[in-house]
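Here are the chains, one letter per residue:
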Amino acid sequence: MTRIFRNRCARVLATALGTLLGALTVLSAWAQGPRQVEDSMAERTRACTACHGDQGRAGPDGYYPRLAGKPAGYLYHQLRNFAEGRRHYGLMARLVDPLSDAYMAEIAAHFASLHLPYPPPAPSTLAAQRLARGQALVLQGDAALGLPACVQCHGERLTGLRPHVPGLLGLPLDYLNAQLGAWQTGQRKAHAPDCMAEVVRRIPHEDIIAVSSWLASQRLPADTRPASTLPKPMSDSRWRCGSAPELSGALPAGGRP
Amino acid sequence: MKRRLLKLSARLLGAGLLLLLAAVVWHNWGDLLGASPAPQLAPATPQSLERGAYLVRAGNCVACHTVRGSAPLAGGRAIDTPFGAVYSSNLTPDDDTGLGRWSAQDFWNALHHGRAPGGRLLAPAFPYEHTSLMAREDSDAMFAWLRSQPAVRQATPAHTLVWPLGTQAALAVWRTLFFEPRTFEPDPTQSAEWNRGAWLVQGPGHCAACHSPRNALGASAGVADLSGGLMPVVNWYAPSLTRERETALASTPLDEIVRLLRSGRNAGAQVSGPMAEVVQHSLQHLHEADLRAMAIYLQARARQSAPEPAPANPPPVRASMAELGRKVYERHCATCHGEQGQGVPGIYPALAGNRAVLLQEPTNLVQSVLYGGYAPATAGHPRPFGMPPFVLELEDREIAALLTHLRMALQAEGSRAGEVTPLQVNRIRAETTQ
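Reading guide: rules and limits
Residues numbered from 1 in each chain as written. Chains lettered and ligands numbered in written order. Predicted model: local features only at pLDDT ≥ 70, side-chain atom pairs only at ≥ 80, totals over all residues. Heavy atoms only, no water. Helix = DSSP H or I, 4+ residues; strand = E, 2+ residues; numbered from the N terminus. Buried < 20%, exposed > 50% of the residue type's maximum accessible area, 1.4 Å probe, protein only. Contact = heavy atoms within 4.5 Å. Areas by Shrake-Rupley, 256 points an atom, 1.4 Å probe, with all protein chains shown as cover. Core = buried A, V, L, I, M, F, W, Y, C linked by side-chain atoms within 4.5 Å. Buried area = accessible area lost by both parts, 1.4 Å probe. Salt bridge = Lys/Arg side-chain N within 4 Å of Asp/Glu carboxyl O. Polar contact = N/O pair within 3.5 Å; in protein donor to acceptor, adjacent residues only side chain to side chain. Nonpolar A, V, L, I, M, F, W, Y, C, P; charged D, E, K, R; others polar. pLDDT = per-residue confidence, 0-100. Disulfide = S-S within 2.5 Å. Patch = residues over 30% accessible without salt bridge, like charges linked within 9 Å, V, L, I, M, F, W, Y side chains within 5 Å. Axes fitted to C-alpha atoms, helices over the stretch in contact; angles between N-to-C directions. Parallel < 35°, antiparallel > 145°, perpendicular 65-115°, else oblique. Left-handed = near helix turned anticlockwise from the far one by under 90°. Pairing = 2+ DSSP bridges.

Caption draft 1: A look at the overall build of chain B. The number of helices and strands found in chain B is 19 helices and eight strands. If one aligns the C-alpha atoms of chain B with their principal axes, the spans along those axes are about 75 × 70 × 45 Å. Of all 434 residues assigned to chain B, the portion counted as buried reaches 47%. Restricting to contacts in chain B with at least 6 residues of sequence separation, those with at least 24 account for 64%. Only carbon and sulfur atoms are counted for the fraction: they give 61% of the accessible area of chain B, which is about 21500 Å².

Caption draft 2: Spatial organisation of the nonpolar core. Formed by 46 residues in total, the largest nonpolar core has its most connected members in Met142(B), Leu146(B) and Leu226(B). Mapped by element, the contributors of at least two residues to this core are helix H2 (46–58), helix H4 (104–113), helix H6 (136–147), helix H8 (192–202), helix H11 (254–263), helix H12 (274–281) and helix H13 (288–304) of chain B. Sort the elements by how many residues they give to this core and H13(B) lands first, with seven residues. Once residues lying within four places of it in the same chain are set aside, the contact partners of Leu146(B) are Val56(B), Leu73(B), Leu91(B), Pro93(B), Leu99(B) and Phe107(B). By size, the runner-up hydrophobic cluster in this structure holds 37 residues, among which are Leu131(A), Ala149(A), Leu161(A) and Ile203(A).

Caption draft 3: Here's a closer look at the interface of chain B and chain A. With 27 residues of chain B at the contact, the number on the chain A side is 30 residues. When chain B packs against chain A, close to 2400 Å² is buried across both sides, 58% of that on carbon and sulfur atoms. Together, Arg68(B), Tyr374(B) and Arg383(B) form the three largest contributors to the area buried by chain B at its contact with chain A, with a combined 30%. In this assembly, chain B and chain A are joined by two salt bridges. The partner of Asp97(A) in a salt bridge is Arg68(B), and the shortest N-O contact between them spans 2.8 Å. At the boundary of chain B and chain A, one finds 10 residue pairs in polar contact (both at pLDDT 80 or more). Elements with a minimum of two residues in the side of chain B that touches chain A: helix H15 (334–337), helix H17 (363–371), strand E7 (373–374) and strand E8 (386–387) of chain B. Looking at the side of chain B that touches chain A residue by residue, the classes come out as 18 nonpolar, seven polar and two charged.

Caption draft 4: Representation of the pattern of salt bridges. Residues and elements named next belong to chain B. Applying the stated criterion across every chain yields a total of 30 salt bridges over all chains. Two residues, Arg153 and Asp96, come together in a salt bridge whose shortest N-O distance is 3.0 Å. Of the two residues, Arg153 is situated in the loop between H6 and helix H7 (168–178) and Asp96 in the loop between strand E2 (84–87) and H4; the sequence distance between them amounts to 57 residues. Since its relative accessible area comes to 58%, Arg153 is described here as exposed.

Caption draft 5: Summary view of unusual backbone geometry. Going from Arg162(A) to Pro163(A), the amide bond is cis rather than trans, its omega being -5 degrees. For Pro163(A), the position within the fold is in the loop between helix H8 (151–154) and helix H9 (173–185). Here the bond from Ala192(A) into Pro193(A) is cis, since omega is -10 degrees, no more than 30 degrees from zero. Here Pro193(A) lies in the loop between H9 and helix H10 (195–202). One non-glycine residue, Leu73(B), lies in positive phi territory at about 70 degrees. Tracing the sequence through the fold places Leu73(B) in the loop between helix H3 (61–64) and strand E1 (78–81). Although it is not a glycine, Asn235(B) sits at a positive phi angle of roughly 60 degrees.

Caption draft 6: Region of the structure containing the confidence of the model for chain B. Mean pLDDT for chain B: 95, with 98% of residues reaching 70 or above. At the level of chain-chain contacts, confidence expressed as ipTM amounts to 0.93, with global pTM at 0.90.

Caption draft 7: Quick peek at the environment of Gly343(B). Residue and element names in this part refer to chain B. Examined against the element boundaries, Gly343 turns out to sit in the loop between H15 and helix H16 (355–358). C-alpha separation for the pair Gly343 and Gln424, spaced 81 residues apart in sequence, amounts to 26 Å. Here Gly343 is in contact with Cys336, His337, Tyr348, Pro349 and Ala350, once residues within four sequence places are set aside.

Caption draft 8: Fine view of the state of the cysteines. All names here are of chain A. Counting across every chain of the model gives one disulfide over all chains. The disulfide bridge from Cys195 ends at Cys241, spanning 2.0 Å between sulfur atoms. Since a negative S-S torsion denotes a left-handed disulfide, the Cys195-Cys241 link at about 120 degrees is right-handed. Placement of Cys195 in helix H10 and of Cys241 in the segment after helix H11 (208–216) is noted, with a sequence separation of 46 residues between them. Look at Cys241 and you get buried, because its relative accessible area is 7%. Of all cysteine sulfurs, the one in Cys51 lies closest to Cys48, which takes part in no disulfide; the gap is 9.3 Å.

Caption draft 9: Expanded view of a nonpolar patch on the surface. Where nonpolar side chains cluster on the molecular surface, the patch consists of Val173(B), Leu177(B), Phe178(B) and Leu217(B) and spans about 360 Å² of accessible area. Exposure remark for Leu217(B): the relative accessible area of 46% places this residue in the partly exposed category.

Caption draft 10: Structural detail: the side chain of Asp138(B). Residues and elements named next belong to chain B. In this fold, Asp138 is placed in helix H6. Side chain to side chain, Asp138 and Arg51 meet in a polar contact 2.4 Å long. Once you skip the residues sitting within four places of it in the chain, Asp138 turns out to touch Arg51, Leu55 and Trp199.

Caption draft 11: Structural view of the packing of helix H4 (residues 72–83) of chain A against helix H6 (residues 101–112) of chain A. Residues and elements named next belong to chain A. Close contact between H4 and H6 brings their axes to 8 Å; oriented N to C, the two are set at 135 degrees. By the angle between their directions, the pair H4 and H6 is classed as oblique. Of the two elements, H4 crosses H6, and the hand of that crossing is right-handed. Contact with H4, carried on its side by Ala72, Leu75, Tyr76, Leu79 and Arg80, involves Asp101, Met104, Ala105, Ile107, Ala108, Ala109, Phe111 and Ala112 of H6 and no other residues of that element. Residues belonging to the contact of H4 with H6 are distributed by class as follows: 11 nonpolar, no polar and two charged.

Caption draft 12: View of the pairing of E1(B). Residue and element names in this part refer to chain B. Relative to E2, E1 runs antiparallel, the two sharing four bridges. Bridge assignment links Asp80 to a residue of E2, and that residue is Ala85. Hairpin connection between E1 and E2: a loop of two residues separates the two successive antiparallel strands.

Caption draft 13: Representation of the packing of H17(B) against helix H19 (residues 422–432) of chain B within the structure. All names here are of chain B. Between H17 and H19, the least distance of the axes is 10 Å, while the angle of their chain directions is 60 degrees. With respect to each other, H17 and H19 are oriented oblique. The way H17 lies across H19 gives a crossing that is right-handed. Where H17 abuts H19, its residues Thr363, Val366, Gln367, Leu370 and Tyr371 lie against Val425, Arg427, Ile428, Arg429 and Thr432. In terms of residue class, the contact of H17 with H19 is made up of five nonpolar, three polar and two charged.

Set out below in structure tokens:
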């Protein structure tokens, strides 16, 4: 008797709870209504953020780099590089092929304007000695190899230089390795004269991983935005960059991409 | 007696073969015998150069004759056919690799006869059955404009057609079967606009190169056939321009047809795939009057074609596939295209009642889901919204179920298009993976 009573109580309670839950779900759905699709750049760039993460904060697997906060001119050049075969990724080429220059510049400016916090870097598993080698190449370069330091063009804080030079921090190790490898084999190119290709070709093969590992394990500085000027502009005419004329003082920093 | 009969028939057979051979040779090169001296090319004027540039645009020559990242019109792009790759030629005036040593007569021979200098037959990946319809003055204007462009030294790779299809003998036989140099004959019973449209569609526009089915030997059903065709290798279906169910050109207002051609989008449709390239590189740059003429001709053609009965409703879908399709739709599509596939006007296309969703041939749908993408950014539609690619996210079975859901559950009774199978998705994925 009591068991039957208890069962019945439980059933009534369950039904009541179920009804309540159902009503709540309906209510919340009703309160939300159909999603309001707004006319914004965020909406127009859903095709980008599907892989590069919400607001271009980077994809989850290390192959889709962060877009948010990168210099606008750099992002614009990368879109053009995919369209013109200087970078190779079929999916990107298909996405950018139908776009106009003006729209690509607008998309680049949109992601450049987003300033989001960076996740903490993953610690490196590389031996300390090799990491130190990576650090030395990034900060001082190697005169014997004729290799300039990364900081010379990518900024003292390594957060890049407006409008065309990208920052090197906050990028996953896999992505950095893939890109440096692609520069070495000539898979990735920039506008001629291609200064970056020349620089990467001078990095000894075994040092690539040291450079990428050190970069990937660095915490970002307090000010993560790209610099607007270099303390010491590149005076060496050997390092002219077709994709970043501001490095040789040909274009005032902050100029139109 | 018996031996003599055998000998006679062998002789007859030999003579017949010789006659056939002579006929093929005559068909392909016969006109060279009685060729009159080439007319002098009139000196180029700003008007003739502009006309030439416009015709090169109208023919969208740049699309095939440009390789990614290289100078426009310098050729070298591989045109993949079921028979191998054909490489487009260099149209810049470089002496050794381009048209530098060509005469206006050589250019006319290419356009009208499909022959290179010296009588070499060209592979019909170059749509010369269409360019053949253009007049000599058109050819001269195009040639003069091409000659005025910067010369780019870029050698064209050799075609990689399966032997013996690329040989002159095979091309000669193919041309005897499927090609005849023609001039455009205006239809006096039609308006000037209709005729201008017909010329643009059949001639420089070479619409039937895609919008007509191709036979086993790669020949289309003719320059005026617009009954739709599956484009091999690239895997896009160019819909029928005469069948109402596929493109509704008979009932779409003329202004809306013009808008689609000019901007890539109108109230009920959006171009994608190879047609997006045509709008981007060619149609959006044409004169309004010419787009209107094309629309008039296309609509007239669509109105001539007999109405077809609606297809019978396809058999119901297995419950497990229907359920999977519904889930995938809710998770990945409903946010933009709406719970019922109603879309967002001006932003995301509706999927319910969408002709592109209901095409019997699901190839374009599979392409759209696999690779997403943007409509062409044109003056009339400069900032398109985009769709993410799902090629890395969804499996064949999920895409098949999703598309089946779009074609069945989201559509009203009487307009359902039937199931898409994982095998169909798999084939297109395999053939388009880069």
